[in-house]
Every structure is written in C-alpha cells, then in structure tokens.
Amino acid sequence: MPEGHSVHRIARQFGVNFVGTAPEVTSPQGRFAQGAALLSGREMTDARAVGKQMFLEFEGDHWLRVHLGIYGAWDFAGEVAIDPAIQIHTTKFGRGRLGQTGMAGVVDTPMDSAGEDSVASIGAPRRSRVARVHMAERDRAEATNGAFPPDPVGQVRVRLLNETVCADLRGPTACEVLTPAEVDAVVQKLGPDPANANTPEERERFVTRARKKKTPIGLVLMDQSIIAGIGNVYRAEMLFRARLNPHTPANTLDPAVLEDLWDDWAHLLEIGITVGQMITIDGLEGDDYRRALAERDERHWVYKLEGTPCKRCGTNIVLEEFGARKLYWCPGCQL
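What counts as what
Residues numbered from 1 in each chain as written. Predicted model: local features only at pLDDT ≥ 70, side-chain atom pairs only at ≥ 80, totals over all residues. Heavy atoms only, no water. Pairing = 2+ DSSP bridges. Helix = DSSP H or I, 4+ residues; strand = E, 2+ residues; numbered from the N terminus. Axes fitted to C-alpha atoms, helices over the stretch in contact; angles between N-to-C directions. Contact = heavy atoms within 4.5 Å. Core = buried A, V, L, I, M, F, W, Y, C linked by side-chain atoms within 4.5 Å. Buried < 20%, exposed > 50% of the residue type's maximum accessible area, 1.4 Å probe, protein only. Parallel < 35°, antiparallel > 145°, perpendicular 65-115°, else oblique. Left-handed = near helix turned anticlockwise from the far one by under 90°. Nonpolar A, V, L, I, M, F, W, Y, C, P; charged D, E, K, R; others polar. UniProt positions renumbered as here; feature names shortened; annotations may be inferred. Patch = residues over 30% accessible without salt bridge, like charges linked within 9 Å, V, L, I, M, F, W, Y side chains within 5 Å. Areas by Shrake-Rupley, 256 points an atom, 1.4 Å probe, with all protein chains shown as cover. Salt bridge = Lys/Arg side-chain N within 4 Å of Asp/Glu carboxyl O. Disulfide = S-S within 2.5 Å.

1. Some words on the sheet that holds strand E4 (residues 62-67)
Read across the sheet, four strands follow the order E2-E3-E4-E13 without closing on themselves; strand pairing throughout is antiparallel. Looking along the sheet, the strands with just one partner apiece sit at the ends: strand E2 (44-50) and strand E13 (174-178). Going across the sheet, the axis of each strand differs from the next one's by a mean of 15°, ignoring polarity. Sheet topology note: the E2/strand E3 (residues 53-58) ladder contains six bridges and is antiparallel. When the bridges of E3 are listed, Ala47 appears paired with Leu56. Running over the sheet, helix H1 (residues 4-17) touches E2 and E3 and is turned about 170° from E2. Relative to the sheet, helix H3 (residues 180-188) contacts E2, E3, E4 and E13, its axis offset from that of E13 by approximately 135°.

2. Observations concerning the pairing of strand E15 (residues 325-329)
Judged from the five bridges that link them, strand E14 (residues 318-322) and E15 form a sheet pairing that is antiparallel. By the bridge assignment, Glu321 is partnered in E15 with Lys326. Where E14 folds back onto E15 in an antiparallel hairpin, the turn is made up of two residues, including Gly323, whose phi is positive at roughly 60°.

3. Structural notes on the nonpolar core
Within the largest apolar cluster, 39 residues are counted, with the highest numbers of intra-cluster contacts made by Phe206, Ile217, Leu258 and Leu261. Put simply, the parts of the chain that give this core at least two residues each are helix H4 (200-211), helix H5 (217-220), helix H6 (232-241) and helix H7 (255-275). When residues of this core are assigned to their parent elements, the largest contribution, seven residues, is made by H7. If near-sequence neighbours (up to four positions away) are discounted, Leu261 is found in contact with Phe206, Ile217, Leu221, Met238, Ala242 and Leu244. Residues Val7, Ala36, Trp74 and Leu160 belong to the second largest nonpolar core, which totals 27 residues.

4. What about the packing of H6 against H7?
Look at H6 against H7: their axes get within 11 Å of each other, and the N-to-C directions meet at 130°. By the angle between their directions, the pair H6 and H7 is classed as oblique. Between H6 and H7 lies a crossing whose hand is right-handed. Across from Tyr234, Met238 and Arg241 in H6, the residues of H7 making contact are Leu261, Asp264, Trp265, His267, Leu268 and Gly272. Classifying every residue of the contact of H6 with H7 gives five nonpolar, two polar and two charged.

5. Things to note about the UniProt feature "domain: FPG-type" (unreviewed entry) in the protein
Following the UniProt record, the feature "domain: FPG-type" (unreviewed entry) maps to residues 301-335 here. In this annotation, residues 301-335 is assigned 0% helix and 29% strand; the end-to-end C-alpha distance for the span is 16 Å.

6. Examining a nonpolar patch on the surface
Taken together, the side chains of Met1, Ile70 and Tyr71 make up a nonpolar region of the molecular surface, amounting to roughly 340 Å² of accessible area. Relative to the assigned elements, Ile70 resides in the loop between E4 and strand E5 (73-78).

7. Considering the state of the cysteines
A complete count under the given rule lists zero disulfides for this structure. Here Cys310 is not cross-linked by a disulfide; its sulfur's nearest cysteine counterpart is in Cys333, at 3.7 Å. With a relative accessible area of 5%, Cys310 lands in the buried category. Looking at the unpaired Cys313, the closest cysteine sulfur is the one in Cys330, lying at 3.5 Å.

8. Some details on the packing of H1 against H7
At a minimum axis distance of 8 Å, the contact between H1 and H7 shows a crossing angle of 45°. Relative to H7, H1 is oriented oblique. Crossing of H1 against H7: the hand is right-handed. Between H1 and H7, the contacting residues are Gly4, His5, His8, Arg9 and Arg12 on the first element and Leu269, Gly272, Ile273, Thr274 and Val275 on the second. In terms of residue class, the contact of H1 with H7 is made up of three nonpolar, five polar and two charged.

9. Here's the deal with the pattern of salt bridges
As enumerated under the stated definition, the model contains eleven salt bridges in all. Across the pair Asp75 and Arg170 runs a salt bridge, and its minimum N-O distance is 2.5 Å. With Asp75 in strand E5 and Arg170 in strand E12 (residues 165-170), this pair connects stretches of sequence that are 95 residues apart. By relative accessible area, Asp75 is classed as buried at 3%. What you see here is one network of salt bridges that share partners, running through Arg241, Asp264 and Asp282.

Okay, structure coming up:
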C-alpha cells in the first residue's frame, strides 16, 4: 500500500499538471460515470494529500477523494511536467519519456530495481503499452507507442485529460465526489500530517492521541486516526531508529519519546516526498547513496531484512505477524 510520501508526490503532480485547467473527466470502466459527469469541464483549483488520501478540488464546491489502497495506481501520460520540489531518476527508457516540460527534477542516478521513484506511475506496479508515469508505492516510467491521449489500458476507473496530460486511475479503494463539508468530515477523522503542518500544535495533537492508547506503539503508528501517512515500511524503520520495542504500550511512553517520533516522521517524510524513495538510513553519501537509490536493502535498517544480522548490533532481524501485518524489528537494539 502506498505510504504518505507517495500520495503527496501524486498531489504535487496534479498541482503542476492539472490545477488551473478544466480537464475532461471520464470513466472508461463505467463505474465512476456519474461522478465523472459532475467534474468534467470544471476547473481544478487545488490538489492536496492528507496521509494516504488525496483530494482534488474542482470549481462549484466539488472534491474528488481518492484512496489508492493496496491495488490503486495513477498513470500519467503526455507532456508530464515535474514539480520542481521532487526528484526522479534515470530509467531504462532514458529521461525524456516523461514529457517535454519540467525536467529539472531528473537526477542522473540509477533507478531503484523495483521502480519506486518515478513520477509517471504511482501505485500498484503494472505493465503498460503506452508512455506512463506510474504513481503509487513504486513509481516508474514505461514504454510508449507515441499516441496521445493513449487508449485506456485495463480497468480505468477515472481518466482526467487536458490538452497536454492524461491521468488514469485504476484499482482504488475509494474514488468519490464529495462536498466541502464531507471532505472536512473525512479529514477530521485523520491524524495530523507533518507534510501539511509540522507545527508544535500538530505534534502535540499526535502526542495527546497516542498517549490515550494502551495498545502497542507498533500498532498506534499505523492508526491513521492518530497520525496520518505511516505504513509498514516507515513503521518498522521509525521504531528501529528510536530503539523502541514495537510491543511497548503507547501510554507508557514519555511524551518526549513521542515528540521525537513525530520529528523523525517529519524528517523521513520530507526525504520520501523529495527523493521518491523511503530512505531511512541517514548520512549516506557518494557510492553508498547511489546504492541506496538502486537497492532497497541498502536504504533500510530492518524492513524485509528478516534473518539477516542487524547493521547496528549484529542480532538477527525478526519477522512476526503483528496486527495482521508483517513487522520487522531487531530484538538486540529495540529492547
């Protein structure tokens, strides 16, 4: 499932490619035909993310809410501009496949072997026969047949199309048109997101909510009503970085420990949004940084490293089922 950094990258791509335009909105699959008819031809006025959910505002007080869930993904095609605040990396298709504008964010370093860091396609990975920027947990650019707009491929729930860019959504958990009041109700149920407001007030809101929970901190960090955007990767890595046992009840932790967790989440989230990869080992430079961009195991401390020696203490990393998800942690460091 895409974590918070991916959804913020998607929102930024909508900001530079669609906000200020009045896209044609359709539902090639047919399941979103009524909602598409409400939005089509209206100017998009805002694009924002809160945790793992994205909200696109259209004139007339209409909002499109999208939650990618496990299988959802956005594909971008055409002259895809890149938000200047984010990076993409070279791919086997080169650097020009993403469009003719906004290429300043391209970095001449290897792309992750899992394709985590493009801006053409974000979400669940898929193969495609057209030029796409696939945006979700793994982002990558794919080959093109040169046609624009491309023919819909697969079950496209919603397509947004303006004069230069096409964005296709497949497989989301949620895709619906909401009123401003309904958007506010959804957002109020979510915890704070430091990418939107990294303030003492939002930090305190997280600390207050977390300290009310007797459940383990390893579950609390995944609760989107307490803090928004953290998924399985960031949960494991943040707890390791804090040397916290995942089973520790949240209400037994000192407020300063929870404040440090918030600050670390804000730090890691900013890196993830900018780079497009969840780099959780600090201080990487030169060849070490390039290896981290190319290989997941070189940028994480514990995630998917079960059975291997901890990079810090040598104890074997443990994998266990925890709250119906896989948890990776080091019994030597996280006492």
